[in-house]
Amino acid sequence: MGGFRKKDPQYEKGDNSEEHDYHEHVDEFNDEENSERNKVSKSKYEDDPDYDGEDEINVMDHYRFRQRFGIASIVLSAGQTIVMAAMMWQCGIAPININPMLGPYPDALSYWGAKNSVLILDDGEIWRLVTPIFLHAGVLHLVGNIGVQMETGVFFEREWGSLKFLIIYFGSGISSSILSVCAKPDILSVGSSGAVMGLFGAKLSEILLKYWRSQDTIQDRVSHAVRQDQLGGVLCGVLIVGLMSFIPFVDWAAHLGGLIGGIAIGMLVFAPDTGAKTTGCFWLLVGAGCTAGLFISLLVYMYTEVEPQEDLRDVCQYYKQMTGDDGYECTCSGE
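All values derive from a computational prediction rather than experimental measurement.

Time to look at the overall build of the chain. Of the regular secondary structure elements, the chain holds twelve helices and two strands. Evaluated residue by residue, the chain yields a buried proportion of 50% over its 335 residues. Counted over contacts in the chain with a minimum sequence separation of 6, partners at least 24 positions apart contribute 77%. Working note: accessible area of the chain is about 15900 Å², and carbon and sulfur atoms make up 58% of it.

Quick look at the structure:
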């Protein structure tokens, strides 16, 4: 890979201190096209004490990650794939006219843990606010979400670390399910796209909170440049995932809930990284207030205002009547 590489004696000696506990290189940017794209003029960095006079600097040689691999993203994607295969093996595949996503019948989704408002509110099955993250309407739905998780999700996890990633991912997934219950109580809902929208929302918060950080070193300037470059990609990702709201058994409310949840949780998670104590405390309070306010208000509304259809208690019969298909098979109703 062309360009300047920072020479750090502590790194060369294998120092494992927190200050240097980052991996500086990105394998994905080894190809010539990206290498050329990431080269910048030496004039931007020639005043930096770490600069050694090379003509060009490859920014990705200086972009630090908290970990080398996105383990959680990979494990989640693998688990979601296994669940999809097991569900289809146990419950079969529905005809295209019933499930165009190449997946099982709707009763199978409910049986395996889809968001079903009447079971959540009347039967106390709160776990259904979490389990939809692991389910997908079909193979096409699964491939779309896993594609984002294995690329963008892995990259974000390497930047943030697995703990922050999981907090944002599951927090956003839960907020997406809650808003779906509130806004669309009479449909089943599955998919990790609400959690994915939360990752995008958290990245927007990170970009905002770190925008005014000092840029005194090459590393600071590189990090700032990468975050600005990510902004366009994140907005594009939000648009693409938003269009998936029209897929059967996926709804716009889940996507919106995940996005808003990710923004609020992101402010809370990234507040300590703003670079100044006063600013960090301010955003910590804002993030905590937004996160608490979001979840409390949604939960209060969900339990006091939402009245789901009792028909969804028997998903099999509900969808038989909805489709008007006498050949509808209840292969996985649990009865």
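With that out of the way, let us pick up unusual backbone geometry. Notably, Leu 102 is not glycine yet its phi reads approximately 60 degrees, a positive angle. With respect to the helices and strands, Leu 102 occurs in the loop between helix H3 (71-91) and helix H4 (106-112).

Moving on to the confidence of the model for the chain. Across the chain, pLDDT averages 82, with 79% of residues at or above 70. Within the chain, the element-level pLDDT minimum falls on helix H1 (residues 9-12), averaging 39, and the maximum on helix H7 (residues 162-183), averaging 97. Every residue in residues 1-46 is under pLDDT 50, and counting partners more than four places away or in other chains gives 96 contacts.

Let us look at a nonpolar patch on the surface. A surface patch of nonpolar side chains, amounting to about 420 Å² of accessible area, comprises Ile 96, Leu 102, Val 139, Leu 140 and Val 143. Note that Ile 96 resides in the loop between H3 and H4.

Taking 1.5 Å per residue as the helical rise, helix H8 (residues 193-209) with its 17 residues ought to reach 24 Å, and the 24 Å between its terminal C-alpha atoms agrees with that figure. Burial within H8 is extensive, with 15 of its 17 residues counted as buried.

Overall, the coordinates contain eight salt bridges when judged by the stated rule. Across the pair Asp 123 and Arg 313 runs a salt bridge whose closest N-O atoms are separated by 2.7 Å. Of the two residues, Asp 123 sits in the loop between helix H5 (117-121) and helix H6 (139-160) while Arg 313 sits in the loop between helix H11 (277-305) and helix H12 (315-323), which places them 190 residues apart along the sequence. As a salt-bridge pair, Glu 206 and Lys 203 come within 2.6 Å of each other at their nearest N and O atoms. One end of the pair, Glu 206, and the other, Lys 203, are both in helix H8, three residues apart, so they sit about a helical turn from each other. Taking the relative accessible area as the measure of exposure, Glu 206 reaches 4% and is therefore buried. Judged by its relative accessible area of 0%, Lys 203 falls in the buried class. What you see here is one network of salt bridges that share partners, running through Asp 122, Asp 123, Glu 310 and Arg 313.

Analysis parameters
Residues numbered from 1 in each chain as written. Predicted model: local features only at pLDDT ≥ 70, side-chain atom pairs only at ≥ 80, totals over all residues. Heavy atoms only, no water. Helix = DSSP H or I, 4+ residues; strand = E, 2+ residues; numbered from the N terminus. Buried < 20%, exposed > 50% of the residue type's maximum accessible area, 1.4 Å probe, protein only. Contact = heavy atoms within 4.5 Å. Areas by Shrake-Rupley, 256 points an atom, 1.4 Å probe, with all protein chains shown as cover. pLDDT = per-residue confidence, 0-100. Patch = residues over 30% accessible without salt bridge, like charges linked within 9 Å, V, L, I, M, F, W, Y side chains within 5 Å. Salt bridge = Lys/Arg side-chain N within 4 Å of Asp/Glu carboxyl O. Expected span 1.5 Å × (residues − 1).

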